[in-house]
Amino acid sequence: DTNSATDTTAIGCGGAIAANAHELNISGSQFINNTAAYFGGAIYTFATDSKSRKTVIDTTEFASNSSVEDGGAIFLQTSAEIKTSLFTENNSGDDGGAITIRDDWDDAGNTGVLVENCTFSDNSAGNEGGALFVDLYDRDAVITHSTIVENSCGSLAVGEGGGGVAVYTGNV
């Protein structure tokens, strides 16, 4: 069975889900047309302490989600595995049209992000990273066997942009 969150709105972060969980697992779901006034149009994950956090997303569709700030579909401040998922027509007002990955944690237990067998198409960001914006300092973001096509960003500044992927810091 498919779980879905459609047409939800948050006046803060995470249009459908805002989570400070030890581990968040989402599989076989749809997030369509959700909106957040700040971060994560559909999902916002964060850590408020130094404990390790992980987000796992598998076989999930994210379409037409939006955020005023970062992460049109997802804003991550946790380690994550995102597999076999589809991201289409998501939009952010600032960075990461589909996903913003930001390392705001102080815990060596958070290991980075894996994006595998995903498709990113027609996503847009007002500033950087039409599909993905990565800011991981000393951690890794691995993107493998994924398709990134027809995404766009609005930044015209020198050293900024990345219609598909923008890397601010970290290893991709």
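Preceding this paragraph is the structure being described.
Here we summarise the structure given alongside this text.

With that settled, the discussion passes to the sheet that holds strand E5 (residues 29-32). Whether parallel or antiparallel, the strands of a sheet pair through hydrogen bonds between backbone atoms. The sheet built from six strands is open, its strands ordered E1-E5-E9-E13-E17-E20 with parallel pairing. Each edge of the open sheet is held by one strand with a lone partner, namely strand E1 (3-6) and strand E20 (147-149). Across the sheet, the mean angle from the axis of one strand to that of its neighbour is 5 degrees, orientation sign disregarded. In this sheet, strand E13 (residues 86-88) lies alongside strand E9 (residues 61-63) in parallel orientation, the contact comprising three bridges. Bridging across to E13, Ala 63 finds its partner in Thr 88.

This part covers empty space enclosed by the protein. Scanning the entire structure with this criterion turns up one cavity of 30 Å³ or more. Its volume calculated, the largest cavity comes out at about 30 Å³. Lining the largest cavity, in full, are Ala 19, Ala 21, Leu 24, Thr 45, Phe 46, Lys 54, Thr 55 and Thr 78. In terms of residue class, the lining of the largest cavity is built from four nonpolar, three polar and one charged.

Turning our attention to the nonpolar core. The biggest cluster of nonpolar side chains holds 27 residues, and the ones touching the most others in it are Ile 43, Phe 62, Ile 74, Phe 87, Ile 99, Ile 101 and Phe 120. Of all the elements in the fold, those that place two or more residues in this core are strand E4 (23-27), strand E11 (74-76), strand E12 (79-83), strand E15 (99-102), strand E16 (112-116) and strand E19 (132-144). The element contributing the most residues to this core is E19, with four residues. Not counting residues up to four positions away in its chain, the partners in contact with Ile 99 are Gly 71, Ile 74, Leu 76, Ile 82, Phe 87, Phe 120, Ala 131, Leu 132 and Phe 133.

Reading the values: the criteria
- Residues numbered from 1 in each chain as written.
- Predicted model: local features only at pLDDT ≥ 70, side-chain atom pairs only at ≥ 80, totals over all residues.
- Heavy atoms only, no water.
- Pairing = 2+ DSSP bridges.
- Helix = DSSP H or I, 4+ residues; strand = E, 2+ residues; numbered from the N terminus.
- Axes fitted to C-alpha atoms, helices over the stretch in contact; angles between N-to-C directions.
- 1 Å grid on protein atoms, 1.4 Å probe; cavity = no way out; pocket = protein on both sides within 12 Å on 5 of 7 lines; lining within 4 Å.
- Points joined across faces, edges and corners; volume = space filled by probe spheres on them.
- Nonpolar A, V, L, I, M, F, W, Y, C, P; charged D, E, K, R; others polar.
- Core = buried A, V, L, I, M, F, W, Y, C linked by side-chain atoms within 4.5 Å.
- Buried < 20%, exposed > 50% of the residue type's maximum accessible area, 1.4 Å probe, protein only.
- Contact = heavy atoms within 4.5 Å.

In short, the description is geometric, and any link to function would need to be established separately.
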